[in-house]
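Chains, contacts and geometry: an overview
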Amino acid sequence: MSTPTRRRVLFICGSLNQTTMMHEIGKHLGQHDCFYTPFYSDGVLRWLTRNGLLDFTVLGGELRRLTDHYLYQHQLPRDERGERGEYDLVVTGSDLVVQKNIREKPVVLVQEGMTDPEDLGFHLVRAFNLPRWLGSTSTMGLSLAYDRFCVASPGYRDHFIEKGVPSDRLVVTGIPNFDNCQAFCDNDFPHRGYVLVATSDTRETFKIDHRPRFFERVRRIANGRPLIFKLHPNEKVPRSTREIMSAFPDALVFSHGNTNHMIANCDVLITQYSTVIYVGLALGKECHSYFDLATLQRLAPTQNGGTSARNIARVCEDLLAAEAGRRVDTERVRRAS
């Protein structure tokens, strides 16, 4: 029996959710030489990052620190910016920025979670060919600078086709972290029977957030029941905590901790724009979101018992096997620029 050819695979991380996804996929590609890098950029975005002006994104600040800590904690082979050599495959959780040194490589894009609504930013990006990151995650997948796009569910496959992604690039694999929600019920979080409020980092990312109006909605839904707030990792903790305690002095506020375990133990889940709503839906919780719940049910990630990472690894293997004699798609490179 012939020994499989070892290849070099670069995983581009991002948020902690993206980083853990990349790690899970990498575990199933152990026969190859896998390396990991925090998310990075080129040109003016790199300059802005170096000067601390993008610390509210995965390029810097707390989100970058969480990724750095995870890579160090798990002793993952690290190649900052993928600069240590040639790679046979790149796996990434975002195409809002397509880095220059991967544009001629085989690329597998992996859906991280929920995509933002198609607001004014989305339509301006589409109409005037502006940088995709101006539309946030509403523009995910639109670069077409990848060979395969692994998505969460058949509903999301249809969703991305409607946005113009070719169907032959889409593969329904499920996505790690959201494909086995029942497992979150086995936890040691000490509280039960409460209303959980998972807030979003809308203000930190310069979106409109009517926080007082949101609090009124929370008050109405909770109707006197115990409240726990779980802050987004990117939120300004002192400000958000101060606001919550002013409105709900008896509430518990957590800036850290396993959100999925908190959802498993709650009776009601209230979110703004958070992907964790899918965990609540999978576990049959009473859920409230700024998004339409019927739409969310249609899009909800496939529950496949935690096999998504293996499914994505198979997509990677198939792409590696097909890459012999591959010619660079110059149109793809142009679109990524």
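A brief report on the enclosed structure follows.

Parameters and conventions
- Residues numbered from 1 in each chain as written.
- Predicted model: local features only at pLDDT ≥ 70, side-chain atom pairs only at ≥ 80, totals over all residues.
- Heavy atoms only, no water.
- Helix = DSSP H or I, 4+ residues; strand = E, 2+ residues; numbered from the N terminus.
- Rg over C-alpha atoms; globule rule 2.2 N^0.38 Å.
- Buried < 20%, exposed > 50% of the residue type's maximum accessible area, 1.4 Å probe, protein only.
- Areas by Shrake-Rupley, 256 points an atom, 1.4 Å probe, with all protein chains shown as cover.
- Lys, Arg positive; Asp, Glu negative; His and termini not counted.
- Charge placed at Lys NZ, Arg CZ, Asp CG, Glu CD.
- Pairing = 2+ DSSP bridges.
- Phe/Tyr/Trp six-rings, centres within 6.5 Å; stacked < 30°, edge-to-face > 60°.
- Axes fitted to C-alpha atoms, helices over the stretch in contact; angles between N-to-C directions.
- Parallel < 35°, antiparallel > 145°, perpendicular 65-115°, else oblique.
- Left-handed = near helix turned anticlockwise from the far one by under 90°.
- Contact = heavy atoms within 4.5 Å.
- Salt bridge = Lys/Arg side-chain N within 4 Å of Asp/Glu carboxyl O.
- Polar contact = N/O pair within 3.5 Å; in protein donor to acceptor, adjacent residues only side chain to side chain.

Looking now at the overall build of the chain. When you go through the chain residue by residue, the secondary structure sums to 12 helices and 11 strands. The C-alpha atoms of the chain give a radius of gyration of 20 Å, which matches the 20 Å a tight globule of 337 residues would have. Principal-axis analysis of the C-alpha atoms places the extent of the chain at approximately 65 × 45 × 40 Å. Scored against the burial criterion, the 337 residues of the chain give a buried share of 51%. Here the chain has roughly 16,000 Å² of accessible surface; of this, 52% comes from carbon and sulfur atoms. For the chain, the distance from the average position of its 42 positive side-chain charges to the average position of its 39 negative side-chain charges is 2 Å.

So, on to the pairing of strand β7 (residues 195–198). Every second residue of β7 is oriented toward a common face, with V195 and V197 on one face and L196 and A198 on the other, all of them buried. Of the pairings in the sheet, the one linking β7 to strand β8 (residues 227–230) comprises 4 bridges and is parallel in character. Along β8, the bridge assignment pairs V197 with F229. Alignment of β7 against strand β10 (residues 268–271), held across 4 bridges, turns out to be parallel. By the bridge assignment, V197 is partnered in β10 with I270.

A complete count under the given rule lists 15 aromatic pairs for this structure. Their ring planes at 75 degrees and their centres at 6.1 Å tell us that F35 and Y87 sit as a pair that is edge-to-face. Remark: Y87 occurs in the loop between α3 (61–73) and β3 (89–92) and F35 occurs in strand β2 (residues 33–37); sequence separation between them is 52 residues. Among the residues examined, Y87 registers a relative accessible area of 7% and is labelled buried. Ring geometry for Y273 and F291: centres 5.6 Å apart, planes at 80 degrees, overall edge-to-face.

Before going further, it helps to examine the packing of helix α6 (residues 211–222) against helix α7 (residues 237–247). The packing of two helices is summarised by the inter-axis angle and the distance between the axes. The N-to-C vectors of α6 and α7 enclose an angle of 45 degrees; their axes lie 11 Å apart at closest approach. As summarised for this structure, α6 and α7 are arranged oblique, according to the angle between their axes. Every pair of crossing elements has a handedness; the one defined by α6 and α7 is right-handed. On α7, the residues touching R211, F215 and R219 of α6 are S240, E243, I244 and A247.

Attention now moves to the pattern of salt bridges. This model, assessed by the stated rule, comprises 15 salt bridges. Linking R211 and D209 is a salt bridge whose minimum nitrogen-to-oxygen distance equals 2.9 Å. The pair R211 / D209 is uniform in exposure class, with both members buried. Several salt bridges share partner residues, and in doing so they unite R64, D68, R78 and E80 into one network.

With respect to the secondary-structure elements, K163 resides in the loop between α5 (154–162) and β6 (170–172). On a C-alpha basis, the gap between K163 and T115 in space is 12 Å, while along the polypeptide they are 48 residues apart. With sequence-adjacent residues up to four places away left out, K163 is seen in contact with T115, E118, F122, R126, S138 and L142. One polar contact links the side chain of K163 to the main-chain carbonyl oxygen of S138, over a distance of 2.5 Å.

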